[in-house]
Amino acid sequence: MAILTLTCVTFICWITLGNVHGTGKVYSDNITLILDRLLDGYDNRLRPGSGGGLTEVKTDIFVTSFGPVSDVEMEYTMDMFFRQMWVDERLKFEGPSEILRLNNRMVDKIWTPDTFFRNSKKSISHNMTTPNKLFRIMQNGTVLYTMRLTITSECPMRLMDFPMDGHACPLRFGSYAYTSSEIIFTWRKGPIASVDCPAESMSLLQYDLVGQTLSSEIFKSNTGHYSVQVVHFHLQRKLGYYLIQTYIPLIMVVVLSQVSFWINKESVPARTVAGITTVLTMTTLSISARESLPKVAYATAMDWFIAVCFAFVASALVEFAAVNYFATLQANRRKKQKVRQDMLEVLATGSDDDNSLLDSCPQEGLKRRNHSVCRSDPGDAPPLPIFLQQGSAFPPNPQLAGTSPIDAYARILFPLAFALFNLVYWYIYLAKDTMESARDVVLSI
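In this report, the structure presented in the accompanying data block is examined. (Residues numbered from 1 in each chain as written. Predicted model: local features only at pLDDT ≥ 70, side-chain atom pairs only at ≥ 80, totals over all residues. Heavy atoms only, no water.)

Examining the sheet that holds strand E11 (residues 207–221)
To be explicit about the condition: Paired strands are those between which DSSP finds at least two bridges. In this description a helix means any DSSP run of H or I spanning at least four residues, a strand means any run of E spanning at least two, and both kinds are numbered starting from the N terminus. Here an angle of 0 to 180 degrees is reported between the N-to-C directions of two axes, which are lines fitted to C-alpha atoms, with helices fitted over the stretch in contact.
Spatially, 4 strands are ordered E4-E8-E12-E11 in an open sheet, and the strand pairing comes out antiparallel. Strand pairing shows two members of the sheet lacking a second neighbour, strand E4 (115–117) and E11, which therefore form its edges. In this sheet, neighbouring strand axes are inclined to one another by 20 degrees on average, regardless of whether the strands run parallel or antiparallel. Here E11 runs beside strand E12 (residues 224–237); their pairing, made up of 14 bridges, is antiparallel.

Rendered as structure tokens:
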């Protein structure tokens, strides 16, 4: 009895496995027959609806990586999944499966849109380890075609507001040969959700991707009118890098140049070295700030800031030249007054010794340098050594020591003017909407 039961169970299992294997083989055979029937008499040289109908190609984009963005080349790079969907009545079928999931080999056997990116400089279709393409056919003839692409496109930039600027980088694509009367492109998920840019896929160091706008347009050329889809990626530049590398050093150099107003005006070497050093430092900073920018013919916001800072630094050096010039005039004037006063005293006393002194000392004093001393009085203190007089801490004429009126005004006016400039500058550019609007670019074929 047990042997009979075991024999029956084995027979039933054998029959069941045979049926499953037969069903899988029948299913595979049915798919093969469906594909053979679809391709029988199919001409992939003709578009769907050829002869009068309009083919609508629905598109959407999933961005997997955005960046980098090059300011010098005015271009950006992005990696994406580019999806296209259209209806081909010739591919309708009936069978056990609602969707035929096929590999890339089927793509070459049916018609696909001749889509190209109008403003791309370089496009790469990934082929490792196999061509990265997805191809599906639905029962109603709808075709879904997805491919992975890396696009490098041009991004025209207006850098007047650099580095507080924002840019709208376009991506334009459409049919290369079919006009808008034959093929029209639309957004599959509408003009809002058809381009998906996840935050985790953004790899931008100097920009923030603040959004994107989608639109459709008709491009007119001498060969016809073409349907074009346009995506504008809105990029806002990050200011932190330029604050640390350029703006703060420039402000510190200007502040250091104004420290010279508090140095004694007799300290000629110290003030001269400080002024020339700050001018050279400003020149170096301005050159390094322009290295990361294209050679544009107009001035950027940073150029204006550098120019004003350079003017403040140069003005500090010119201010010391003015202080030194007027101090020299004052010294010469007092020296002439002293000579005239000595001559009047000699004439009043009528002393022969005074006459001899008048003949020798004033003339020698006029010929000597400012540090020379006339010993007209035996009780006068001995003159300072020449090396101390040239050390600038001990003025040759003690009556001229003290703060120059020009320095006194400069200590107040220069910092106030620079603070006012910074207030106006940052208020204008931070309150201003520097994001570029989407511009229409005239294309030609």
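Description of the layout of surface pockets
We apply this condition: We place a 1 Å grid over just the protein atoms. Points where a 1.4 Å probe fits but has no way out form a cavity, open points with protein on both sides within 12 Å along at least 5 of 7 lines form a pocket, and any residue with an atom within 4 Å of a point lines it. Grid points are joined across faces, edges and corners, and a volume is the space filled by probe spheres set on the points. Residues were grouped as follows: Ala, Val, Leu, Ile, Met, Phe, Trp, Tyr, Cys and Pro as nonpolar; Asp, Glu, Lys and Arg as charged; and all remaining residues, including Gly, as polar.
Counted as a void, the second largest pocket has a volume near 340 Å³. Lining the second largest pocket are 18 residues; nearest its centre among them are Asp71, Gln206, Tyr241, Tyr242 and Ser292. Listing elements by their share of the lining of the second largest pocket, those giving two or more residues are strand E1 (55–70), helix H3 (240–259) and helix H4 (268–290). Tallying contributions element by element places H3 first for the lining of the second largest pocket, with 4 residues. Among the residues forming the lining of the second largest pocket, the class breakdown is 10 nonpolar, 6 polar and 2 charged.

What about the state of the cysteines?
Heads up, the condition is: Two cysteine sulfur atoms form a disulfide, by the criterion used here, when they sit within 2.5 Å. Burial here depends on accessible area, computed with a 1.4 Å probe over protein chains only, as a share of the maximum for the residue type. Under 20% is buried, over 50% is exposed, and the range in between is partly exposed.
Going through the model one piece at a time under the given rule, you end up with 1 disulfide. One disulfide in the model links Cys155 with Cys169; its S-S distance is 2.0 Å. On the sign convention where negative means left-handed, the S-S torsion of about -70 degrees between Cys155 and Cys169 marks this disulfide as left-handed. Highlighted residues: Cys155 in the loop between strand E7 (142–154) and strand E8 (166–175) and Cys169 in strand E8, separated in sequence by 14 residues. Here Cys155 falls in the buried class, since its relative accessible area comes to 0%.

A few points about H3
Definition in use: The span you would expect from a helix comes to 1.5 Å times its residue count less one. Axes are fitted to the seven residues ending at a residue and to the seven starting at it; the angle between these axes is taken as the bend at that residue. We call two residues in contact whenever any of their non-hydrogen atoms come within 4.5 Å of each other.
The end-to-end C-alpha separation of H3 is 27 Å, in line with the 28 Å expected for 20 residues at 1.5 Å each. Considering bend angle alone, the principal kink of H3 is centred on Tyr247 and spans about 30 degrees; proline Pro249 follows within four residues of it. Those residues of H3 that fall on the buried side of the exposure criterion are Tyr242, Thr246, Tyr247, Leu250, Val253, Val254, Ser257 and Gln258. On its buried face, H3 sits against E12, H4, helix H5 (301–349) and helix H8 (405–431).

Focus on the nonpolar core
What counts, and what does not: For this analysis, a nonpolar core means a set of buried residues of the types Ala, Val, Leu, Ile, Met, Phe, Trp, Tyr and Cys, connected via side-chain atoms within 4.5 Å.
Judged by nonpolar contacts, the single largest core of 78 residues is most densely connected at Leu171 and Phe233. Among the elements that take part in this core, H5 stands out by supplying 8 residues, more than any other.

Some words on the pattern of salt bridges
Rules: Criterion for a salt bridge: a side-chain nitrogen of Lys or Arg within 4 Å of a carboxyl oxygen of Asp or Glu.
Counted according to the given criterion, the structure contains 15 salt bridges. A salt bridge links Arg237 to Asp71; the shortest N-O distance between them is 2.7 Å. Of the two residues, Arg237 is situated in strand E12 and Asp71 in the loop between E1 and strand E2 (75–87); the sequence distance between them amounts to 166 residues. Judged by its relative accessible area of 6%, Asp71 falls in the buried class. Across the salt bridge formed by Lys238 and Asp208, the nearest N and O atoms sit 3.7 Å from each other. Pair noted here: Lys238 is in the loop between E12 and H3 and Asp208 is in strand E11, with a separation of 30 residues, a long-range link. By relative accessible area, Asp208 is classed as partly exposed at 38%. Each of Asp60, Arg83 and Arg188 takes part in one network of salt bridges that share partners.

Focus on the packing of H3 against H5
Counted only if it meets this: An angle counts as roughly parallel when it lies under 35 degrees, as roughly antiparallel when it exceeds 145, as roughly perpendicular when it falls between 65 and 115, and as oblique in every other case. We call a crossing left-handed when the near helix sits turned anticlockwise from the far one by less than a right angle, and right-handed when that turn is clockwise.
Two elements in contact, H3 and H5, have axes whose closest approach is 8 Å; the angle formed by their N-to-C orientations is 20 degrees. Taken as axis vectors, H3 and H5 run roughly parallel relative to one another. H5 is crossed by H3, and the crossing has left-handed handedness. Residues Tyr242, Thr246, Tyr247, Leu250, Ile251, Val253, Val254, Ser257 and Gln258 of H3 lie in contact with H5, whose contacting residues are Ala301, Met302, Phe305, Ile306, Cys309, Phe312, Val313 and Ala316. Grouping the amino acids of the contact of H3 with H5 by side-chain chemistry returns 14 nonpolar, 3 polar and no charged.

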